[in-house]
Amino acid sequence: MPRLLLLFSSLLFLLTNIHGQENKSWTLPSGDYMKQLIHSMQRGESDASRFKAGIEFDSTIHSFLLNDSMMLQPTSFAPNISCVQPSDQSWRLLTWIIPSYEGDQYFYFGYLQKKGNDQTGHQLYRLSDSTSVIRKPESEKLTPDRWLGATYYEVIPNRRKGKSFYTLCGWKGEDKKVTQKVIEVLYFDKAGAKFGMPVFKKQGVFKSRIIFSFTSQASMSLRYESSKKAIVFDHLYLPKQNGVADPSQAGPDGSYDGYKFKRGSWIWIEDIKMKVKVNSRH
């Protein structure tokens, strides 16, 4: 859809230019104002109207984060925006979507805000959805400006070789037929924020992130279960036609698998027994 891609590219260009200056007189917007923007952005009568509202919404969030570098203000003033952060509140990750009017595409946006110290200062990263150009999504190591778009709802702190990293659970709509869930990794090094780390081991193979694809008509659970000390998720039955798998026909079969954290890696576990069904939303 060249026209829609052109609109999306124009939106990114405008956002880049809008963010060149900080609004010194900025004040916290009202919840009603943000609700109206989000409604236009996600339910507008055309792609153009949705992207127009998206520009204003993104600019508002950007100004909010610039003027709240210490992360003292809650993000609850913006409904339908996902915000996750670790228990030490050293960073926060805000993500949201703009669905196309036809419902066959999703565009992802977000910011990563990290508290600094006397040497580094506070850092604010704008996330750039690069889904369409990432050819090996489960193996590539990514950065904020080359990000596999998703909206995140859970963060799990981990350590590997004495260094911290964070495992994220997220939702990623693809089109009318297929929905995805994602297990992502976020970490920080001297160069800045990074996404993806080869810590997911299944049958001797390591991946940098895990992506599940299934029919949009079904719900798939994916969340950390403290009682199991594992990320637990629905096992997806994936039928094949002529030897070719079709994700639009995949769905939960009533059993559960998972990843258990051991010695710095997430190790795949098959057929986890659950007494109570995991929350179907996550």
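My aim in this report is to walk through the structure given alongside it, one point at a time. Keep in mind that this is a model prediction, so the values were computed, not measured.

Analysis parameters
- Residues numbered from 1 in each chain as written.
- Predicted model: local features only at pLDDT ≥ 70, side-chain atom pairs only at ≥ 80, totals over all residues.
- Heavy atoms only, no water.
- Helix = DSSP H or I, 4+ residues; strand = E, 2+ residues; numbered from the N terminus.
- Buried < 20%, exposed > 50% of the residue type's maximum accessible area, 1.4 Å probe, protein only.
- Contact = heavy atoms within 4.5 Å.
- Areas by Shrake-Rupley, 256 points an atom, 1.4 Å probe, with all protein chains shown as cover.
- Core = buried A, V, L, I, M, F, W, Y, C linked by side-chain atoms within 4.5 Å.
- Phe/Tyr/Trp six-rings, centres within 6.5 Å; stacked < 30°, edge-to-face > 60°.
- Lys NZ or Arg CZ within 6 Å of the ring centre and 35° of its normal.
- Pairing = 2+ DSSP bridges.
- Axes fitted to C-alpha atoms, helices over the stretch in contact; angles between N-to-C directions.
- Polar contact = N/O pair within 3.5 Å; in protein donor to acceptor, adjacent residues only side chain to side chain.

### Brief notes about the overall build of the chain
Reasoning step 1: Helices and strands together make up the secondary structure of the chain, namely 3 helices and 17 strands.
Reasoning step 2: Out of the 282 residues belonging to the chain, those deemed buried represent 46%.
Reasoning step 3: Put simply, of all contacts in the chain between residues at least 6 apart along the chain, 54% involve residues at least 24 apart.
Reasoning step 4: Carbon and sulfur atoms make up 49% of the accessible area of the chain, which amounts to about 15,000 Å² in all.

### Some thoughts on the nonpolar core
Reasoning step 1: In terms of nonpolar packing, the biggest core is built from 22 residues, with Trp 91, Leu 93, Leu 112, Tyr 152, Leu 168 and Phe 195 touching the most fellow members.
Reasoning step 2: When contributions to this core are tallied by element, the ones reaching two or more residues are strand 2 (91-99), strand 3 (106-114), strand 4 (123-128), strand 5 (151-160), strand 6 (163-173), strand 7 (178-189) and strand 8 (192-195).
Reasoning step 3: Top element by residues in this core is strand 2. It accounts for 3 residues.
Reasoning step 4: Non-local contacts of Tyr 152, meaning those with residues more than four positions away in its chain, are made with Ser 82, Val 84, Leu 93, Thr 95, Trp 147, Leu 168, Cys 169, Gly 170, Glu 184 and Phe 195.
Reasoning step 5: Formed by 21 residues, the second largest nonpolar core is a distinct cluster that contains Val 199, Ile 210, Phe 212 and Trp 266.

### As for the environment of Leu 124
Reasoning step 1: When you line up the elements, Leu 124 lands in strand 4.
Reasoning step 2: Residues Leu 124 and Ser 69, 55 residues apart in the sequence, show an inter-C-alpha distance of 8.3 Å.
Reasoning step 3: In this structure Leu 124 touches His 62, Leu 65, Leu 66, Tyr 111, Leu 112 and Gln 113, once residues within four positions along its chain are discounted.

### Regarding the packing of aromatic side chains
Reasoning step 1: The final tally for this structure, using the stated rule, is 12 aromatic pairs.
Reasoning step 2: With a centroid separation of 6.0 Å and 55° between ring planes, the pair formed by Phe 165 and Phe 261 is classed as tilted. Taken together, the residues Phe 165 in strand 6 and Phe 261 in strand 16 (residues 251-262) connect sequence positions 96 residues apart.
Reasoning step 3: Since its relative accessible area comes to 26%, Phe 261 is described here as partly exposed.
Reasoning step 4: Here a set of aromatic residues connected by ring pairs shows up, and it is made of Phe 57, Trp 96, Phe 109 and Tyr 111.
Reasoning step 5: The aromatic ring of Phe 188 is capped on one face by Lys 114, whose charged end is 5.1 Å from the ring centroid.
Reasoning step 6: If you follow Lys 202 out to its NZ or CZ, it ends over the ring of Trp 268, 4.5 Å from the centre.

### Some points on the sheet that holds strand 3
Reasoning step 1: The 4 strands lie next to each other as 1-2-3-4, forming an open sheet whose pairing is antiparallel. The sheet is open, and its two borders are formed by strand 1 (82-84) and strand 4, each paired with just one other strand. Each strand of the sheet is rotated relative to its neighbour by a mean of 15°, with strand direction disregarded.
Reasoning step 2: Bridge count for strand 3 against strand 4 is 6 bridges, and the pairing is antiparallel. From the neighbouring strand, Leu 112 faces strand 4, where its bridge partner is Tyr 125.
Reasoning step 3: Its contacts with the sheet place helix 3 (residues 47-66) against strand 2, strand 3 and strand 4, and it is angled at close to 170° to strand 2.

### Some remarks on the pairing of strand 11 (residues 210-215)
Reasoning step 1: Among the 6 residues of strand 11, 5 are classified as buried, and the element is accordingly described as predominantly covered.
Reasoning step 2: Both strand 7 and strand 11 contribute to a ladder of 6 bridges, which runs antiparallel. Each residue of the ladder has a partner; that of Ile 183, found in strand 11, is Ile 210.

### Focus: the side chain of Lys 194
Reasoning step 1: By the element assignment, Lys 194 lies in strand 8.
Reasoning step 2: A relative accessible area of 19% means that Lys 194 is categorised as buried.
Reasoning step 3: Only 2.8 Å separates the side chain of Lys 194 from the side chain of Asp 189, close enough to count as a polar contact.
Reasoning step 4: Not counting residues within four places of it along the chain, the set of residues in contact with Lys 194 comprises Leu 142, Thr 143, Val 185, Leu 186, Tyr 187 and Asp 189.

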